[in-house]
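Each chain, letter by letter, is given below.
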Amino acid sequence: MSAPTDSPPVVRTFPKLRRRVIALAVVIGVVVVLRYALRAFVGIDTNLLWFRSVQHESVYTRTFWTETLLFAVFGLLMAATLAFNLVVFHLNRPRDFAPDPAKQRTRYQFSRIERRLRRWLFVIIVGYFGVTMGSRAASNWQTWLAWRNATPVGQIDPQFHRDASYYLFVYPLHRLVLTLLFRIVATSLIVVLVTAYAYGGVRLRGTGPRMTRAVRSQLSLLLGLYLVLKAGAYWLNRYSLVTSNRGVVTGPAYTDVHAVIPSRLTLIVIALICAAVLLANVVLSRPKLLYFGIGVMAFGALVVGVVWPAVVQQFREKPSASQVELPYIAHNITATRQAYGLNGDTTTTEYDGTNLLHGTALASQVARDAQIRLLDPNQLSPTFNFEQQVQSYYGFKSTLDIDHYLINGNQQDLALAVRELTLSGLPSSRQSWTNTHLVYTHGYGLVSAPTDELPDGTPTFIGGGLPPTDNELGITQPRIYYGQMSPSYSIVGAPAGSKAREFDQPSATGSGQQVNYTHTGGGGVPLGSVFNRLLYAYKLHSASILFSSEVNKDSQLLTVRNPRARVAAVAPWLTLDGDVYPTVVNGRILWVVDGYTTSNNYPDSQQINLRSATTNTLTSSGATVTQPSSSINYMRNSVKATVDAYSGRVTLYSWDQSPTPDPILSTWEKAFPGLVQPQSTIPTALLPHLRYPQDLFNVQRSLLTRYHVSNPSEFYAGDNFWTVPNDPTVAASSKLNSLGNPVTASAPSLASAYMSLSPNGYTAAQYTLSSPLVTLNSRNLAAFVSVDSEPGPGYGRFTLLDVPIGQSLKSPLQIQTDIESDVQITNALSLARQGNSKVVIGNLLTIPVGGQMLWIEPIFTQAKGGNSFPILRHVIAIYGNGQPAFSSTLPAALNKALGVTVPPPTP
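Everything quoted here is computed from the prediction, not taken from an experiment.

Caption draft 1: Main features of the pattern of salt bridges. For the coordinates displayed, the defined rule picks out 12 salt bridges. The partner of D594 in a salt bridge is K640, with the nearest N and O atoms 2.5 Å apart. Of this pair, D594 sits in strand β16 (residues 588–599) while K640 sits in strand β19 (residues 634–644); the two residues are 46 residues apart in sequence, bridging distant segments of the chain. Taken together, the salt bridges that share partners define one network made up of K397, D401, D579 and R691.

Encoded structure:
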C-alpha cells in the first residue's frame, strides 16, 4: 500500500518525546512484570515454608507441580495457536486490498506505528493470552488429579451403563479439556478478526469484497476446527443428562431420553458435515461455502437442538408426565439415597399420639431419658463472657458448642466455650506492634457448663476462672494459640532477654505480677534467617518483622490460625462443616473439623443447593460458617480432622461409616498418600467426642422431607411431602411477643439440636442430633427425625417418627402461637419488659416422650445496655396438645405439663 503524499505531521514531530513515552512505557511494563514475579516468588516460598511447618510439604509440592504442568501445557498451546495464526496472517496480510479512501490517513498512521511496534504487540498478545489460559487451566488441578487417581464406584447408571466413577472423575476432565480447546480456538478467531479489520483485510462498509481470500481461508480453518470440537461437545454432553433438571427430579427425563439424546447424535453429523465444508473452503476460499457452513450449523442447532426437544416435552411429556416420568423418578430415589447416605439403617415408626405412657411411668421416662437443654447455646454466650471473660482481651464465640463428658461417673451434656484472645479488647494505648504480635499471642482455657442446670438462672461452670478453680475435664495444656478468634499472626519463641515475653494470664490476686510464658509447641514458620524474615515482611506488609530486635533465631511465626482455615489449606478437596467445635483429649484442647467429600456429578442423584439446605438460625446469626452457594448431589462425612489448639498440628482421619468405601476419599488418598490417617489410628480418648456433623444432617433432613416417599407415583403426586420448620422463636423475639400479633413464619429454618434423649420416646437416652419436620403448610407436625451421634455400633442410625396423615400433632409454629396467646405468659413477659429489661426467647426444644411430644422453651431476661447477660427466669413446658405450663423452674413446669411429679434424674 503506497503512502499518501501528505504524511500526517504528528508522525514526524516530537521524536524525542515519542522515545521518552516509549521508554516510560517499557519501564512501567518491566516494573509491573517484576512486581508480579516478586509476588509469585514470595507466595511460592512462604507457602512452602508454611506447609513444612504443618508437616504436609508433599501436599503443596504435588499441587504446585500439577498446576505447573497444566499451566505449561495449555498456556503453550494457546500461545502456539495464536502465534501460528498471527504469523499466517502476517505472511498473507493484505497489501493491495484498498481500504476506504476516507480512512487512508488513519490507515497510514496505523501502518507506521505498527511497523515499529509489531514485535512488541506480537509478544504482548501471545504472552497475555498464553498466561491467561495457563492460569485458567492450572486452577483446575483438582480435576486433573481426580482423573489420574480415579477409583471405581461399583454403581452403574441405568441410561448409559457406565460406572459412576466416569461421571465423578473422568467426565469432568473431558469437559475441562474441551472447554479449554474451545477457548483457544475462539480466542484465535477473535484475534484474527480484529487484526484483519485493523489491517484492512475485513471491511464492514464501502464497495468491493468484504474480506480478502487469505482471511477467508484462515477463518474457514478456525471455524472448521470449532465445529469439530462442537461435534465432540455434542457427544460428550449426552452424559450431562444424568444430572439434567428438565424433569420432576434430577436425572434423564422422558424428553432427554427420547428427544435430546437423538437430537445431539443428529447434531454431531451436522457439525461434522459443516466442519468438512469449512475445512474444504480453506483451499477453495469461497464466501458462499463459508456462509453455508455457518448457516446450516446455526439452523440445525435451532431446529434439532431446541425446537425438537421443546415439542416433545410440550406435547408428549407434559400431558403424560404422571406415567412417563415414573421410571426416572424411581432411578432418582435409589441414586439419591445412595449418594447422601440415606439408604442405611433407618428405623421408621408410626407416631400417632395414641400409645401413651401415663403417671409414674411417664414421669420416670422424662427423668431418666432426657437431659433437657435449658442452656440455650445460641443465647448464653454473653453470660459466659460476663462471668468468665476475666479480662477485656479475652472472649468466647457467639454460639456455644455442645458435647458430652463423663462427670462424676455420669454422661453429662455440656456447653463448651474456649477462652480466646481478642486483640480488639486491648486498650488503644496498648495496641503497639510488639503487644499485638509478640506479647498478646494466645488465649487460655476451656469453660463448660451442664446444659440442664441453671441454678439461680445462670450456668454452673466447670473449669471456670483464671487460673481455673477445678479441672474436671483433665486439661493439662490450656493455652490457645490456634483458634477461631486468634490474631492473624503472632511471633513466638525464646525472647532476646532471659525473661518470658508472652502474656499468659493475669495475676491470680489482681495486684501481683502477670504470668508470662514462652511457646514451645513448634508448628510455626522459623524466622531465624534474614531471608525468611524478609519474605514475611513483604507478605505481611510489616517492616517490623525484619527490623525488630525481639525477633531472633529461635522465633517462629504462627499464621493461618483458624482451625477451619488450616484444614482447608491442607485438604482443599474437602468441603468443611460450618461448625468447628473444641474437645479435650489426653489433657490437650483439640478443635474438631468435619470434612465432606462432595460432587455434583453423581448420576441420577438429586441436586440441591448446599447453602440453602444448611442455612438455619445458627448461620443467619453468624454463629457458624455459611456454606458456599454451590450445587451438590453427593455428600459423605468421610474425614474427621483435628487441630491442636497449642501446637497447631493438623491431623486427618478417615471416617467412612458407609457399607461401601467412599470412592472420592479413596481417590484423594491415592493422590496424596499418607495425608489421611486410617480410622484405626484415632486416639481412644478422642473417639467418644466425635459426633454426627450438623451440615450433613441438615442436608439429609431437607432431603427426607421428600425422599421418605419410596413409591414413584406417590413421589410425583407430592401429597405426603414435608418441610423443615422455620424457627418461630426468631419471629417471636423480633416482635417482642406483642399481644394481638400472631407469630409469623418469616424466620430462618429451625436449627437441629444436639441433646441426649430417647429417639422414640420409650427407650434409653442416646446422644442425638434431632429435628422436627412439619407438613407443607407448617400447621402440623409431620415427623421427628434423629440420628445417633455417638461413635459406636449405632452411630449414624436414623430414627424417623412418622406422624400419620390426619393426626393433629402441633407444629413448632402452633406451639409458639399457643405460648404467645396464653394470658398468664404474656402478662408475665409484658411485666418483665417494663423498666430496663428485655426478654430473650430461648430455643424451642422438641422431645419425644411416651407417644407424644414434649415441648420446652426457656425464657431469659436481660438488662438493656452494655455489660448485661441473659438470666433464666421462666420455663415453659407443653406435653402433646395440652396447654402451656409456665413456671420459674424446669421441675415445676414439667409437673404442671405432665400432671405428675417428675423425680430427679437417675444415672
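Once the structure has been displayed, the description carries forward.
Caption draft 2: Local environment of the sheet that holds strand β3 (residues 401–407). Pairing is antiparallel in the open sheet, where 3 strands are placed in the order β3-β4-β7. Both edges of this open sheet fall to β3 and β7 (446–450), since each of them pairs with a single strand only. Neighbour to neighbour, the strand axes of the sheet diverge by 45 degrees on average, direction disregarded. The sheet contact formed by strand β4 (residues 410–418) and β7 spans 5 bridges and is antiparallel. Considered in β7, the bridge of L416 is made with S448.

Caption draft 3: Main features of the packing of aromatic side chains. For the structure shown, the criterion picks out 34 aromatic pairs. Arranged with centres 5.3 Å apart and planes meeting at 90 degrees, the rings of Y393 and F503 form a pair that is edge-to-face. Of this pair, Y393 sits in the loop between α13 (381–388) and β2 (394–395) while F503 sits in strand β10 (residues 502–505); the two residues are 110 residues apart in sequence, bridging distant segments of the chain. Grouping residues by exposure puts Y393 and F503 together as buried. Ring geometry for W668 against F672: centres 6.1 Å apart, planes inclined by 15 degrees, an arrangement best described as stacked.

Caption draft 4: Up close: the environment of S888. If you trace the backbone, S888 turns up in the loop between β31 (885–887) and α26 (890–898). Between the alpha carbons of S888 and A196 there is a distance of 85 Å; along the sequence they are 692 residues apart. When residues no more than four places from it in sequence are discounted, the contact partners of S888 are R873 and H874.

What counts and how
Residues numbered from 1 in each chain as written. Predicted model: local features only at pLDDT ≥ 70, side-chain atom pairs only at ≥ 80, totals over all residues. Heavy atoms only, no water. Salt bridge = Lys/Arg side-chain N within 4 Å of Asp/Glu carboxyl O. Helix = DSSP H or I, 4+ residues; strand = E, 2+ residues; numbered from the N terminus. Pairing = 2+ DSSP bridges. Axes fitted to C-alpha atoms, helices over the stretch in contact; angles between N-to-C directions. Phe/Tyr/Trp six-rings, centres within 6.5 Å; stacked < 30°, edge-to-face > 60°. Buried < 20%, exposed > 50% of the residue type's maximum accessible area, 1.4 Å probe, protein only. Contact = heavy atoms within 4.5 Å.

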